[in-house]
Amino acid sequence: MSDARAPIEADDLTPSQRELQARAKAFVRDVLVPREVEFELAGGRVPREWAMPIRRAAIEAHLHGGSLPREVGGQGWSVLEQVLVHEQFGASTGGLWSFVPGGYEVLKHGTAAQRRRYLEPSLRGERSGSYAITEPGAGSDARSIVATAVRDAAAGDYVLDGEKWFVTGTDDTDFMIVHVNVIDGDRRLPTLFLVDYDAPGLRQIADPDHMHTFADRHPRFVLEGVRAGADAIIGGVGEADELTNEWFVEERIHIGARCSGAMERLLAEAVAFATERVQFGQRIYDFQGVSFPIADSAADAAAARLLTRACARLADAGVDPKLLHAKASIAKLFASEAAFRCADRVVQVFGGRGYLRETAAERFFRELRVDRIWEGTSEIQRLIIARALEKRGVDRVLG
Ligand SMILES: Cc1cc2nc3c(=O)[nH]c(=O)nc-3n(C[C@H](O)[C@H](O)[C@H](O)COP(=O)(O)OP(=O)(O)OC[C@H]3O[C@@H](n4cnc5c(N)ncnc54)[C@H](O)[C@@H]3O)c2cc1C
């Protein structure tokens, strides 16, 4: 006879995947969650040393650099394994998982010298990078960026100029991957450069506060005559769009996973509270006005998890990248919209307590909002999905 209490997905995951999932869960439970409220009440402005125990614990648990191949010092996880870990990361507030050492996946395309200078110290938790695409005039339409790199033949390097917004990274971030156009006659060739924050001509012009209290800040920078050699280019001149698209797809799948994890935490907190809290002489969970929104949230959470994991399995199976692009958009769109609905419902379940910053639902309500905006807004995900339905066919997009 089968064990009715066995996890539904037990057969889907290998023993090593389950071990990884359990390791990430323990890290989030023991290292991140206990520090959430302190971080929130400090407004997220903590000294560098505050995050060091998180970095060390992540390295000890081998949870750093998960999406990078082993050849460059990463953990070499499959996309499904990345999803299993990001589901756990998403169950913490404050984006504290962002302190886990790692590096943008594009760095695997770097030269050995670039990897030694940027990636290897990032994996040790000694350096940290940002990825700067957005500009004041170029957001959803990333192809309209105006930042430039002009070759100085005499000096044998490039001169970079532009302004970048929402340059996300922890407070101690010290280099950026910046997306600019190399000017070559009439041609504008989108290219990624690695630039150190202390490079002459690179200046932070603002560090505004945002809705969430998060491990990452999102400052604005100007580049004025920043000099960079050809050895600072990742992948080659004109390669930025392709490299960035690869990152977008990965990041959208990770967002889907983190939103799934957030929903699981929200549900656990909602059920625990509503089955204890008594009003009118009854557990509030026994009022359908309370339990039905929780049930709807469970349906949202389960659907988001299935979609995201299915997308990860397709990525691992090497499905057509154009189809994967649409699938990742479906997962990101659904999971981010569902997670926000779920946070709103759970704030309501908690009543006045749901409005307190000490309550995880309150923090999630602010934090999950951005998942509908960054890495392509929900409207941009809908555009990608609609185009794919027309070009690739409804059956392939859904199948
Ligand atoms: C907290 C945070 C962190 C971020 N981190 C980074 C980062 O690390 N690096 C980076 O490069 N960028 C980052 N961004 C920028 C983010 O990717 C952009 O904000 C996002 O792509 C939207 O661009 P925009 O803000 O210029 O809005 P706009 O593009 O001006 O859009 C405004 C509104 O118009 C809608 N819209 C635009 N075009 C269409 C269309 N064709 N059809 C329908 N609706 C449309 C949008 O959906 C949105 O609702 C971050 C943003 C935030 C808020």
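Residues numbered from 1 in each chain as written. Predicted model: local features only at pLDDT ≥ 70, side-chain atom pairs only at ≥ 80, totals over all residues. Heavy atoms only, no water.

J.: Looking at this structure, I do not really get the overall build of the chain. What am I missing?
T.: What the chain contains, in helices and strands, is 11 helices and 12 strands. For 399 residues, the compact-globule estimate of 2.2 N^0.38 gives 21 Å, and the C-alpha radius of gyration of the chain, at 22 Å, lies within 12% of that figure. The C-alpha extent of the chain, read off along each of the three principal axes, is 80 × 50 × 40 Å. The burial tally for the chain puts 53% of its 399 residues in the buried class. If you take every contact in the chain between residues at least 6 apart in sequence, the share linking residues at least 24 apart comes to 73%. A total accessible area of about 18,400 Å² is found for the chain, and carbon and sulfur atoms account for 54% of it. Charged side chains in the chain number 50 positive and 59 negative. The centres of these two groups are separated by 2 Å. (Helix = DSSP H or I, 4+ residues; strand = E, 2+ residues; numbered from the N terminus. Rg over C-alpha atoms; globule rule 2.2 N^0.38 Å. Buried < 20%, exposed > 50% of the residue type's maximum accessible area, 1.4 Å probe, protein only. Contact = heavy atoms within 4.5 Å. Areas by Shrake-Rupley, 256 points an atom, 1.4 Å probe, with all protein chains shown as cover. Lys, Arg positive; Asp, Glu negative; His and termini not counted. Charge placed at Lys NZ, Arg CZ, Asp CG, Glu CD.)

J.: Whenever I open this one, the domain arrangement of the chain confuses me. Can you help?
T.: A common way to report how large an interface is uses the accessible area buried once the components associate. Here the chain is described as being made up of domain 1 (15-123), domain 2 (129-239) and domain 3 (241-398). Listed by partner, the interface residues are 22 residues for domain 1 and 24 residues for domain 2. Where domain 1 abuts domain 2, roughly 1,800 Å² becomes buried across the two surfaces, and 56% of that area is made up of carbon and sulfur atoms. A per-residue breakdown of the area domain 1 buries against domain 2 is headed by Arg45, Tyr104 and Tyr118, which together make up 32% of the total. For the pair domain 1 and domain 2, the interface holds five salt bridges. Here arginine 48 makes a salt bridge to aspartate 172, at a shortest N to O gap of 2.6 Å. At the junction of domain 1 with domain 2, the criterion picks out nine residue pairs in polar contact (both at pLDDT 80 or more). Put simply, the parts of the chain that give the side of domain 1 that touches domain 2 at least two residues each are α2 (36-41), α3 (48-60) and α5 (112-123). Residues that form the side of domain 1 that touches domain 2 fall into these classes: eight nonpolar, nine polar and five charged. (Domains from an automatic or database assignment. Buried area = accessible area lost by both parts, 1.4 Å probe. Salt bridge = Lys/Arg side-chain N within 4 Å of Asp/Glu carboxyl O. Polar contact = N/O pair within 3.5 Å; in protein donor to acceptor, adjacent residues only side chain to side chain. Nonpolar A, V, L, I, M, F, W, Y, C, P; charged D, E, K, R; others polar.)

J.: I would appreciate a short explanation of the pairing of strand β1 (residues 129-132) in the present structure.
T.: Two faces, one strand: in a regular strand the side chains alternate between the faces of the sheet. In β1, alternate side chains face the same way, and those of Gly129 and Tyr131 on one face and Ser130 and Ala132 on the other are all buried. Sheet analysis places β1 next to strand β5 (residues 175-184), joined by four bridges and oriented parallel. Residue pairing in the sheet places tyrosine 131 in a bridge with isoleucine 177 of β5. (Pairing = 2+ DSSP bridges.)

J.: Quick question: what am I supposed to make of the site of the ligand here?
T.: Neighbouring the ligand are 16 residues; Thr134, Ser140, Thr168, Thr377 and Glu379 lie closest to it. Contact distances for the ligand include 2.6 Å between a nitrogen atom and a side-chain N or O atom of threonine 134. A total of 970 Å² of accessible area belongs to the ligand in isolation, and the protein chains cover 64% of it. Those elements that place two or more of their residues in the shell around the ligand are β1 and α10 (378-392). In terms of residue count, α10 provides more of the shell around the ligand than any other element does, three residues in total. When the residues that make up the shell around the ligand are grouped by side-chain class, the tally is nine nonpolar, six polar and one charged. Counting contributing residues, the shell around the ligand receives three or more from each of domain 2 (129-239) and domain 3 (241-398). (Near = heavy atom within 4 Å.)

J.: How do you make sense of the nonpolar core when you look at a structure like this?
T.: Burial of nonpolar side chains together is a common tendency in soluble globular proteins. In this structure, Phe27, Leu32, Phe99, Leu266 and Leu368 are the most contacted members of the largest nonpolar core, which totals 53 residues. Counting only elements with at least two residues in this core, the list comes to α1 (15-32), α3, α4 (79-89), α6 (240-274), α7 (288-316), α8 (321-349) and α9 (360-367). In this view, leucine 32 contacts Phe27, Ile54, Ser92, Leu96 and Trp97; residues no more than four positions away in its chain are not counted. One finds Ala149, Tyr158, Val182 and Tyr197 within the second-largest nonpolar core, a separate group that totals 22 residues. (Core = buried A, V, L, I, M, F, W, Y, C linked by side-chain atoms within 4.5 Å.)

J.: Please explain the pairing of strand β6 (residues 187-196) as it appears in this structure.
T.: β6 sits mainly inside the fold: eight of its 10 residues count as buried. Looking at chain direction, β5 and β6 are connected through 10 bridges and run antiparallel. Of the residues in β6, the one forming a bridge with aspartate 184 is arginine 187. Between β5 and β6, which pair antiparallel and follow one another directly, the connecting turn spans two residues, one of which, glycine 185, has a positive phi of 60°. Looking at chain direction, β6 and strand β10 (residues 233-234) are connected through two bridges and run antiparallel. If you follow phenylalanine 193 over to β10, its bridge partner there is isoleucine 233.

J.: Please explain the state of the cysteines as it appears in this structure.
T.: A covalent bond between the sulfur atoms of two cysteines is referred to as a disulfide. One pass over the full model with this rule turns up zero disulfides. The closest cysteine sulfur to the non-disulfide-bonded cysteine 311 is located on cysteine 259, 13 Å from its own sulfur. A relative accessible area of 2% places cysteine 311 in the buried class. Free of any disulfide, cysteine 342 has its nearest cysteine sulfur in cysteine 259, 10 Å distant. Residue classification places cysteine 342 among the buried positions, given a relative accessible area of 0%. (Disulfide = S-S within 2.5 Å.)

J.: In this structure, what is going on with the pattern of salt bridges? I would like to understand it.
T.: Once the charged atoms of two side chains with opposite charge are near each other, the side chains can pair. Within the structure shown, the criterion is met by 36 salt bridges. The partner of glutamate 87 in a salt bridge is arginine 309, and the shortest N-O contact between them spans 2.7 Å. Taken together, the residues glutamate 87 in helix α4 and arginine 309 in helix α7 connect sequence positions 222 residues apart. The pair glutamate 87 / arginine 309 is uniform in exposure class, with both members buried. The salt bridge partner of aspartate 300 is arginine 345, with a shortest N-O separation of 3.1 Å. With aspartate 300 in helix α7 and arginine 345 in helix α8, this residue pair connects regions lying 45 residues apart in the sequence. For aspartate 300, a relative accessible area of 9% puts it in the buried group. Via salt bridges that share partners, Arg45, Asp171, Asp207, Asp209 and Arg217 belong to a single interconnected network.

J.: Even after reading the chapter, I still don't get α5, so can you show me in this structure?
T.: Counting along an α-helix, one turn takes 3.6 residues, and residues three or four places apart therefore face a common direction. Of the residues making up α5, those classed as buried are Gln114, Tyr118, Leu119, Pro121, Ser122 and Leu123. Those residues of α5 that are buried are in contact with α3, β5, β6 and β10. Following α5 by one or two positions, glycine 125 adopts a phi angle in the positive range, close to 80°.

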